[in-house]
Amino acid sequence: MNKAQGAEPQRKGLVGIQDGKVVLRAEPDALPPKLTPGPHVVLRVNGQVVEETVAVKPDDEVTVEAVQEAPTKDIHIQIAQDGSSAVALIQRRPGIAWAINDAPFAAHVTVNVRPAGQLPPPPVSVEDVLEALAKAGVVYGIDRAAIEELVAQEALECRAVVAKGRPPTPPVDGRVEPYRREQESSQPAADMREEALKIDLLDRGEIESVNPGDIVAVWIDPQPGQDGVDVKGQPVPARKPRSPQLRLGSGVEKQPDSPYIVAVRTGRPMVKETFVDVVPTFDVRGDVNVSTGHIEFAGNINVQRNVEESLRVRAGGSVVIGGMVFRKAEVLAGGSVTARGVVGGRIEAGGNASIYGPLIDALRRLEPLLEKAVENLRRIVPVLEADGAQERLGPVFKALLERHFPETGAIAQEIGKQLVQHKELIEPELLARLAQVVKLLAGRGPLQVKGLADVTSVLGVVQSLPLELDSRIEDADVRVDYLQNAEIACGGKVILRGRACFNSKIVARNGFEAPNATVRGGSITVTHGSVIAREIGSPSAALTEIIVGPEGSIKAEMIYPNVRCVVGQRQYRVDSPKRHLVLHLDRETGELRF
């Protein structure tokens with residue numbers, strides 16, 4: 001075996017890391033050990049930084065150093081797409097302190113590190129954020145207070161809106177707005193409390209309506225908006241105002257040089273988008289019942305079907321009922337009324353016809369009685385004066401009425417009941433004059449007469465009032481097919497198109513026309529016109545009363561016994577069936593003629 005084959009292998013040198021320093025163990029002739037720098041390690045050999053594996057010799061100056069991971073801070077500015085705002089996002093990260101790990105001696109050592117602690121994140125100042133905003137081009141609406149609050153936060157990541165632009169001021173679009181009326185009550189508080197206790201569950205309030213001249217809507221002219229500014233200082237254009245076309249119906253008109261749109265007729269205001277009108281008719285598409293409640297409207301009302309029991313329909317104009325008016329139901333209209341039939345219900349057409357009509361009738365019945373009483377009193381007064389007994393005029397007048405004109409007291413009481421019932425609806429001046437009549441003629445009133453002038457003054461009131469009351473009744477007709485237990489009052493005619501009128505009370509100013517109908521029971525009072533019917537009364541002698549004014553007449557193809565006919569101040573009670581009867585006053589003699 002030769003010498004080369006028997007030689008010992010060359011020994012390797014060793015290297016280790018102790019207390020962060022490189023330590024070599026190598027003989028001069030030994031193979032040099034190797035060092036490899038790991039992450040976060042700076043390896044220097046003889047002052048030179050070595051980044052890869054290197055062999056180190058005993059005479060080399062070798063050092064290792066841990067590279068610290070420094071803390072960081074970042075400021076990001078996020079601008080909204082429309083430039084309306086800017087958000088500052090602050091992100092801070094703490095640093096890491098590294099230390100060199102010790103390593104045992106070996107021919108090859110990789111120098112590694114270990115965490116040795118955390119380095120606090122750096123602070124962010126207001127100036128840092130302002131600088132970031134400037135770099136992002138944000139120059140408008142910077143909120144320094146928001147920035148100060150943001151940088152004071154200790155969170156590693158935080159954000160806040162630090163700048164806001166000025167949005168454009170919206171334009172005023174051209175439009176129509178309904179006119180709002182303030183509802184103010186002049187009713188005393190005590191009365192309002194009392195009224196609050198009187199609850200009608202069917203009363204839903206009057207349907208909104210307007211009269212000619214009332215403001216319905218207001219036209220708002222378009223006006224431009226004001227441009228805004230974004231956070232970069234650039235203008236933000238305002239939207240152009242919309243200018244739609246105003247459309248007006250036939251029920252309204254726009255005042256010149258004024259924003260107001262006013263009604264030219266009575267009805268329900270309608271404002272829909274840019275269309276304005278006043279609809280004269282309110283339609284009920286079905287019955288008036290508990291679901292609809294009472295219907296009250298200043299214009300015309302159309303009811304497709306019936307007015308159910310105890311319901312009320314009140315209109316400032318005319319009313320058309322497609323069906324029936326049932327028990328205790330009321331239809332009150334300022335204009336005419338048309339219905340298929342009335343069973344136990346009440347219709348009033350022409351406003352106050354039901355109030356003034358009976359009063360006119362009562363006053364006209366009272367007038368001739370009081371005229372005759374005054375004639376008698378004129379003959380009595382001189383006798384009393386001659387005897388020096390003027391103080392007895394009151395008792396004498398009372399005795400005169402009771403003995404010769406007993407109806408005067410009953411008629412006066414009838415008028416008094418009307419006044420009590422309708423005192424809120426009668427004009428105060430008329431109410432006072434009517435009360436004067438009642439006070440003198442009813443009860444012990446005649447005893448208060450001191451002189452003839454007291455009675456003649458009341459006679460003048462009785463003579464003049466019928467014309468005044470009559471002038472206040474609107475000329476409005478009632479057209480109906482069937483009447484039973486009904487109450488009808490109108491300022492025009494009652495026109496019965498069907499065949500029956502049973503046990504109904506009718507007061508009409510201008511006439512009652514039922515050429516194909518039978519009138520059986522009840523009463524008909526006409527102040528100015530005539531009564532025309534096919535039959536009046538019944539074979540069983542049902543009491544029926546027909547009253548017309550002195551210019552009127554009563555016409556019937558058949559009239560049965562127990563029908564009381566009054567024409568002017570003349571009365572006639574039918575005692576046997578009569579055909580083709582025409583009853584009127586002779587213009588010359590004032591007597592009844594057939």
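In short, a report on the structure.

Here is what the cut-offs are and how they apply
- Residues numbered from 1 in each chain as written.
- Predicted model: local features only at pLDDT ≥ 70, side-chain atom pairs only at ≥ 80, totals over all residues.
- Heavy atoms only, no water.
- Helix = DSSP H or I, 4+ residues; strand = E, 2+ residues; numbered from the N terminus.
- Rg over C-alpha atoms; globule rule 2.2 N^0.38 Å.
- Buried < 20%, exposed > 50% of the residue type's maximum accessible area, 1.4 Å probe, protein only.
- Areas by Shrake-Rupley, 256 points an atom, 1.4 Å probe, with all protein chains shown as cover.
- Lys, Arg positive; Asp, Glu negative; His and termini not counted.
- Charge placed at Lys NZ, Arg CZ, Asp CG, Glu CD.
- Contact = heavy atoms within 4.5 Å.
- Expected span 1.5 Å × (residues − 1).
- Pairing = 2+ DSSP bridges.
- Axes fitted to C-alpha atoms, helices over the stretch in contact; angles between N-to-C directions.
- Parallel < 35°, antiparallel > 145°, perpendicular 65-115°, else oblique.
- Left-handed = near helix turned anticlockwise from the far one by under 90°.
- Nonpolar A, V, L, I, M, F, W, Y, C, P; charged D, E, K, R; others polar.
- Polar contact = N/O pair within 3.5 Å; in protein donor to acceptor, adjacent residues only side chain to side chain.

1. Regarding the overall build of the chain
Summing up its helical and strand segments, the chain has 8 helices and 44 strands in all. Against the 2.2 N^0.38 benchmark of 25 Å for 594 residues, the chain shows a C-alpha radius of gyration of 54 Å, more extended than a compact globule. With the C-alpha coordinates aligned to their principal axes, the bounding extent of the chain is approximately 190 × 65 × 45 Å. Sorting the 594 residues of the chain into buried and exposed places 43% on the buried side. When the accessible area of the chain is evaluated, it comes to approximately 32,300 Å², of which 49% is carbon and sulfur surface. Taking the 71 positively charged and 78 negatively charged side chains of the chain as two groups, their mean positions are separated by 6 Å.

2. Digging into the side chain of Ser-523
Its place among the elements puts Ser-523 in strand β37 (residues 511–526). Exposure remark for Ser-523: the relative accessible area of 14% places this residue in the buried category. Setting aside chain neighbours within four positions, we find Ser-523 in contact with Ser-504, Lys-505, Ile-506 and Glu-545.

3. Let's talk about helix α7 (residues 428–441)
Given a rise of 1.5 Å per residue, 14 residues ought to cover 20 Å, and the 20 Å separating the end C-alpha atoms of α7 matches this to within 8%. Buried within α7 we find Leu-430, Arg-433, Leu-434, Val-437, Val-438, Leu-440 and Leu-441.

4. Section: the pairing of strand β38 (residues 531–536)
Relative to β38, β37 runs parallel, the two being bridged by 5 bridges. Across the sheet, the residue bridging to Val-519 is Ile-536, located in β38. Bridging between β38 and strand β40 (residues 554–559) involves 5 bridges; their strand directions are parallel. What sits directly across from Glu-535, in β40, is Met-558.

5. Examining the packing of α7 against helix α8 (residues 452–471)
Two numbers describe how α7 lies on α8: the axes approach to 10 Å, and their chain directions differ by 135°. Taken as axis vectors, α7 and α8 run oblique relative to one another. In this structure, α7 crosses over α8, and the sense of that crossing is left-handed. Contacts between α7 and α8 involve Leu-430, Arg-433, Leu-434, Gln-436, Val-437 and Leu-440 from the first element and Asp-454, Val-455, Ser-457, Val-458, Val-461, Val-462, Ser-464, Leu-465, Glu-468 and Leu-469 from the second. For the contact of α7 with α8, the residue count by class is 10 nonpolar, 3 polar and 3 charged.

6. Some words on the sheet that holds strand β23 (residues 275–279)
Taken in spatial order, the 3 strands make up an open sheet running β19-β23-β22, and their pairing is mixed. At either end of the open sheet lies a strand with only one pairing partner, and these are β19 (247–248) and β22 (268–272). Sheet analysis places β19 next to β23, joined by 2 bridges and oriented parallel. What sits directly across from Arg-247, in β23, is Phe-275.

7. What about the sheet that holds strand β12 (residues 108–111)?
Through backbone hydrogen bonds, the strands of a sheet pair up, either in parallel or in antiparallel fashion. One open sheet holds the 3 strands; their spatial order is β6-β3-β12, and the pairing between them is mixed. The open sheet has two edge strands with one neighbour each: β6 (54–55) and β12. Where strand β3 (residues 34–37) meets β6, 2 bridges bridge the pair, whose relative direction is antiparallel. Pairing of Lys-34 across the sheet is with Ala-55, part of β6.

8. Here we look at the side chain of Asp-173
Here Asp-173 lies in the loop between β14 (157–164) and β15 (175–178). A residue is classified by how much of its surface remains accessible, and Asp-173, at 17% relative accessible area, is buried. Within the structure, the side chain of Asp-173 is placed 2.8 Å from the backbone nitrogen of Arg-242, a separation counted as a polar contact. When residues no more than four places from it in sequence are discounted, the contact partners of Asp-173 are Ile-220, Pro-222, Arg-239, Pro-241 and Arg-242.

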